[in-house]
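A closer look at the structure
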Amino acid sequence: MKRLIIGLLILMLIIVLGVTGLLCTNKFVGGLTLSLNSARESALKDNFTQSEKLSNEIKETFKEKEKLLSLFLNHNLIEEIDENLSLLPVFAKSAAKNDFLAHVETVETKLLEL
């Protein structure tokens, strides 16, 4: 009987950790998507200084949460998102509108895979 109870407790712990990871990931992805949309709107209005500022903020936010996300998600996907996010400020600084918008789309697509 004790084994059954211990087994159920372990199962409940795994379920709670899984749900917590899912909620944390969804909350983070939602916030990141909103920030990416703001950066895209700034680029469409040719306000590249604002796009660069937002891109740097997005990149820093992702770096802060990367370790937590790596507990729950595929590391290769996190690496791909990080690579694309690191290019956004460069494209914004050089006013490469098409490249900037393409990488924003790529990041959003990768975020949907999370």
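Residues numbered from 1 in each chain as written. Predicted model: local features only at pLDDT ≥ 70, side-chain atom pairs only at ≥ 80, totals over all residues. Heavy atoms only, no water.

Some details on the overall build of the chain
To be explicit about the condition: Every helix listed is a DSSP run of H or I at least four residues long, and every strand listed is a run of E at least two residues long, numbered separately from the N terminus. The reference for a compact globule is 2.2 Å times residues^0.38; the radius of gyration itself is calculated from the C-alpha atoms. Burial classification: accessible surface area is computed with a 1.4 Å probe over protein chains only, and a residue below 20% of its type maximum counts as buried, one above 50% as exposed, and the rest as partly exposed. Note on contacts: a residue pair is in contact if any heavy atoms of the two residues lie within 4.5 Å.
The number of helices and strands found in the chain is 4 helices and 0 strands. Secondary structure elements in the chain, listed N-terminal to C-terminal, are α-α-α-α. Taken over the C-alpha trace, the chain has a radius of gyration of 18 Å; the compact-globule value for 114 residues is 13 Å, which it surpasses by more than 25%. Counting the 114 residues in the chain, one finds 33% classified as buried. Of all intrachain contacts in the chain linking residues separated by at least 6 positions in sequence, the fraction that spans at least 24 positions is 66%.

Remarks on helix α4 (residues 97–113)
Keep this limit in mind: Multiplying 1.5 Å by the helix residue count minus one yields the expected span of that helix.
For α4, which comprises 17 residues, the first-to-last C-alpha distance of 25 Å matches the rise-based estimate of 24 Å (1.5 Å per residue) to within 8%. Looking at α4, one finds that the buried residues are Phe100, Leu101, His103, Val104, Val107, Glu108, Lys110 and Leu111.

Re the packing of helix α1 (residues 2–44) against α4
Test applied: Only C-alpha atoms enter the line fits that serve as axes; for helices the fit covers just the stretch in contact. Angles between N-to-C directions range over 0 to 180 degrees. Throughout, the term roughly parallel applies to angles under 35 degrees, roughly antiparallel to angles over 145, roughly perpendicular to angles from 65 to 115, and oblique to all others. Take the far helix as your reference; a near helix turned counterclockwise from it by less than a right angle gives a left-handed crossing, and one turned clockwise gives a right-handed crossing. Throughout, the ten residues Ala, Val, Leu, Ile, Met, Phe, Trp, Tyr, Cys and Pro are labelled nonpolar, Asp, Glu, Lys and Arg are labelled charged, and all others, Gly among them, are labelled polar.
Running from N to C, α1 and α4 cross one another at 165°; their axes reach a closest spacing of 10 Å. When the axes of α1 and α4 are compared, the pair comes out roughly antiparallel. Crossing hand, α1 versus α4: left-handed. Within the contact between the two elements, α1 uses Val29, Leu32, Thr33, Leu36, Asn37, Ala39, Arg40, Ala43 and Leu44 and α4 uses Lys97, Phe100, Leu101, Val104, Glu105, Val107, Glu108 and Leu111. Of the residues assigned to the contact of α1 with α4, the class counts are 11 nonpolar, 2 polar and 4 charged.

Side note on the pattern of salt bridges
We count it as follows: Only one rule defines a salt bridge in this text: a Lys or Arg side-chain nitrogen within 4 Å of an Asp or Glu carboxyl oxygen.
Scanning all chains against the criterion turns up 5 salt bridges. The residue Glu108 makes a salt bridge to Arg40 at a minimum N-O spacing of 2.4 Å. Remark: Arg40 occurs in helix α1 and Glu108 occurs in helix α4; sequence separation between them is 68 residues. With relative accessibility at 14%, the residue Arg40 sits in the buried group. The network of salt bridges with common partners includes Arg40, Glu105 and Glu108.

Focus: a nonpolar patch on the surface
For clarity, the cut-off: Within this analysis, patches are made of residues with over 30% relative accessible area and no salt bridge. Like charges are joined at 9 Å or less; nonpolar side chains (Val, Leu, Ile, Met, Phe, Trp, Tyr) at 5 Å or less. Shrake-Rupley sampling with a 1.4 Å probe provides the accessible areas, and residues are treated as covered by the protein chains on show and by no other component.
A cluster of nonpolar side chains, Met1, Leu4, Ile5, Leu8, Leu9, Leu11, Met12, Ile15, Val19 and Leu23, forms an exposed patch at the surface whose accessible area comes to about 1000 Å². The topology assignment puts Met12 in helix α1.

A word on the packing of helix α2 (residues 48–72) against helix α3 (residues 75–93)
Running from N to C, α2 and α3 cross one another at 160°; their axes reach a closest spacing of 8 Å. In terms of orientation, α2 lies roughly antiparallel with respect to α3. For α2 against α3, the interelement crossing comes out left-handed. Of α3, the residues touching α2 (which contributes Phe48, Ser51, Glu52, Ser55, Asn56, Ile58, Lys59, Phe62, Lys63, Glu66, Leu69 and Ser70) are His75, Ile78, Ile81, Asp82, Leu85, Ser86, Leu88, Pro89, Ala92 and Lys93. A class-by-class count of the residues in the contact of α2 with α3 yields 10 nonpolar, 6 polar and 6 charged.

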